[in-house]
Amino acid sequence: MTLRVDDVSFAYGTNSVLRGVSFAAEPGEAVALLGRNGAGKTTLTKLIVALLHPDAGEVWVGDWNTTGRTPEDMATRVAYVFQHTEQQLFARTVAEEVIFAPRQLGVSRRDAEGIVEEVLGLVGLALHRETHPYDLPPAERKLVSLAAALAQRPQLLVLDEPTQGLDRSHVLRVCEILRAQARKGVTVLAVTHDLTVVAEGFTRALVLDDGRVVVDEDVVRIVASEGRAAELGLSVPAGPALSRALDLPGFPIRMVEVARAMRSRFGVG
Amino acid sequence: MTVNFEKVSFWYPGAASAAIHEVSAEMLAGEVTLVTGPLGAGGSTTLLVAAGLAPQVTGGRREGAVSTLGVDPSTRRGRAMLRGRVGVLLPTPHTQLSGMAFSVHREVAFAPANLGWDRARIDDTVERAMQLMGVSHLADRDPTTLSGGELQRVVMAGVVAMEPELFLLDEPAMELDPQGAEALYELLPILAESATVLLASTDVDRALAIASRVIVLDRGRLVARGDPEEVFASELAAAKGATTSIAHIVREAGCAEPYPITLEAARTRFLP
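What you see is a predicted model, and the numbers here were worked out from it, not measured in a lab. (Residues numbered from 1 in each chain as written. Chains lettered and ligands numbered in written order. Predicted model: local features only at pLDDT ≥ 70, side-chain atom pairs only at ≥ 80, totals over all residues.)

With that out of the way, let us pick up the overall build of chain A. Scanning chain A from terminus to terminus reveals 11 helices and 10 strands. Relative to the compact-globule value of 18 Å for 269 residues, chain A shows a C-alpha radius of gyration of 19 Å, a close match. Projected onto the principal axes, the alpha-carbon positions of chain A cover approximately 55 × 45 × 30 Å. Burial analysis of chain A (269 residues in total) assigns 52% to the buried set. (Helix = DSSP H or I, 4+ residues; strand = E, 2+ residues; numbered from the N terminus. Rg over C-alpha atoms; globule rule 2.2 N^0.38 Å. Buried ≥ 20, exposed ≤ 12 C-beta atoms within 10 Å, placed from the backbone.)

Every contact between the two is made by 34 residues of chain B and, on the other side, 37 residues of chain A. Elements with a minimum of two residues in the side of chain B that touches chain A: α6 (148–161), α7 (178–192), α11 (245–252) and α12 (263–270) of chain B. Among the elements that take part in the side of chain B that touches chain A, α11(B) stands out by supplying five residues, more than any other. Partitioned by chemical class, the residues of the side of chain B that touches chain A number 14 nonpolar, 14 polar and six charged. (Contact = placed C-beta atoms within 7 Å. Nonpolar A, V, L, I, M, F, W, Y, C, P; charged D, E, K, R; others polar.)

Another point: the packing of helix α5 (residues 119–132) of chain B against α6(B). Residues and elements named next belong to chain B. In contact at an axis separation of 8 Å, α5 and α6 are set at 135° when each is read in the N-to-C sense. As summarised for this structure, α5 and α6 are arranged oblique, according to the angle between their axes. Of the two possible hands of crossing, α5 and α6 adopt the one that is right-handed. Contact with α5, carried on its side by T125, V126, A129, M130 and L132, involves A157, V160 and A161 of α6 and no other residues of that element. Residue composition of the contact of α5 with α6, grouped by class: seven nonpolar, one polar and no charged. (Axes fitted to C-alpha atoms, helices over the stretch in contact; angles between N-to-C directions. Parallel < 35°, antiparallel > 145°, perpendicular 65-115°, else oblique. Left-handed = near helix turned anticlockwise from the far one by under 90°.)

A few words now on the environment of B:Q96. Residues and elements named next belong to chain B. If you trace the backbone, Q96 turns up in the loop between β5 (86–89) and α4 (104–114). The class of Q96 is partly exposed, set by 19 C-beta atoms lying within 10 Å. Placed 104 residues apart in sequence, Q96 and A200 show a C-alpha to C-alpha distance of 17 Å. Look past the residues within four positions of Q96 in its chain and what remains in contact with it is L90 and V155.

A word on the packing of helix α3 (residues 94–104) of chain A against helix α4 (residues 109–123) of chain A. Residues and elements named next belong to chain A. Packing of α3 against α4 leaves a shortest axis separation of 9 Å and a crossing angle of 125°. Classified by the interaxial angle, the pair formed by α3 and α4 is oblique. Between α3 and α4 lies a crossing whose hand is right-handed. Facing α3, whose interface residues are V94, A95, V98, I99, P102 and R103, α4 presents A112, I115, V116, V119 and L120.

Time to look at the sheet that holds strand β10 (residues 212–218) of chain A. Residues and elements named next belong to chain A. An order of β6-β7-β8-β3-β9-β10 is seen for the six strands of this open sheet, with the pairing classed as mixed. Of all the strands in the sheet, just β6 (78–81) and β10 have a single pairing partner and so form its edges. The average undirected angle you get between the axes of adjacent strands in this sheet is 15°. Of the pairings in the sheet, the one linking strand β9 (residues 204–209) to β10 comprises six bridges and is antiparallel in character. Within β10, the position partnered with R204 by the bridge is D218. The strands that helix α5 (residues 138–151) touches are β6 and β7 (156–160); relative to β6, the one it contacts most, it runs at about 180°. Docked against the sheet, helix α6 (residues 168–183) engages β3 (30–34), β7 and β8 (187–191), running at close to 150° with respect to β8. (Pairing = 2+ DSSP bridges.)

The next subject is unusual backbone geometry. All names here are of chain B. Put simply, A54 and P55 share a cis peptide bond, and its omega is 5°. Take P55: it is sitting in helix α2 (residues 53–56). Of note in this structure, E163 is not a glycine but carries a positive phi near 50°. Positioned with a positive phi, R219 is a non-glycine residue whose angle comes to about 45°. Structurally, the position occupied by R219 is in the loop between β8 (213–218) and β9 (221–226). On the basis of neighbour count, R219 is assigned to the partly exposed category, with 17 C-beta atoms found within 10 Å.

This is the structure:
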């Protein structure tokens, strides 16, 4: 489903956060949203799910304008993963948390159980079905939020720092999940500070600065040159850095692809 | 030795298995020690045990001998002796606000004020801590209105302002943007000049430059410890994902250990 943010401005009282933000994201696109602390990234995501409403401008999710709509309305189309899970998680077990949205959306208990099984497997929490979400460390709680969001079967998936605090294997797993969602035609928008995550899971990057979109670029272009990344205050992740240092054919940027290219180039393994 | 663990195990209340199991390790003054490992490895628990917060606050049960700045942090005497000497940063800074300060300045001054320092010393340390953490411009803001990254910096400033002898930092850059994270990590060796710094993080890429010692845990058990360059180049650590991204990719490509852990090392190994 197409997301269209059209000349949106927003202020908390007199503290202006967004000043005329515009962009669109199409089905199947995975868009990363970057920017310094306090740049307004989280605020922008909250406007998309109607937790906040723009002071000026419009947010469109498909043919819905978010103005006048509630987060509950939006939930039939958009799933949201909060930055801090305690703003989101409320159930006594991981399974109850995940089954909540599909049941609310009218999915039969039987089908919903199937969805729970599937998404917990995807995020790697199958063994924690009956665990209390708050007995999990904060980083793993984030995976519960992600599972709950996937269980909504959204057409637009909005995530605020989905990989914060995760180790590499889980970061790669989350990126793989987001890529798979995009391949299925879901529009994915995620706030992140981690350029490795951007290289692994996304095709396009927006940079928010001083309340405006100052960069809207192909991910490969950003990570291809030290200079471009440095301009944005970022450093090139290991994958593309290795790819360039060893002059690997096709300039792969995802770790698994870089490893594959190295194997064929240097004949190891 | 500032912190010494001898066969330390810890069980959270009601947990069947130990969060850390017979861990022996030492953390020295003047050094930054990194505790790392896959998710659930036990890094956070190690910090909580060293601080005495586990089992004091968490409940649960500890076995083995812990010495923090020369005392057992789980005893009444130990707690009294450690008051104001250990600074802890939790990975969820918003849960760590005092809730009693209506400005960032007051928040940062909260711990020093509670330690009964005189006004001049408090003003002095608070100003320096806020400057170090780059939050001076936020001094008059209400802490509850800050963004995640701003808040993490403010809470860290509060820890720095206490001038602790031991810093126990759990993912201190989790909410920070790359520039902020870089600046914070560069600060750690400076703090370690007059203190001991124990850093729990999964971000080996960033920690490599500043850690002088590393402890790798996996599901609560000690996997490897020692010099970061040696540990991260080893299959032992890399098999648990506790290595740099460069080493991880090289390992995935099917190369043998020791793995090159930096781009330069990879260049040297693969290019004639």
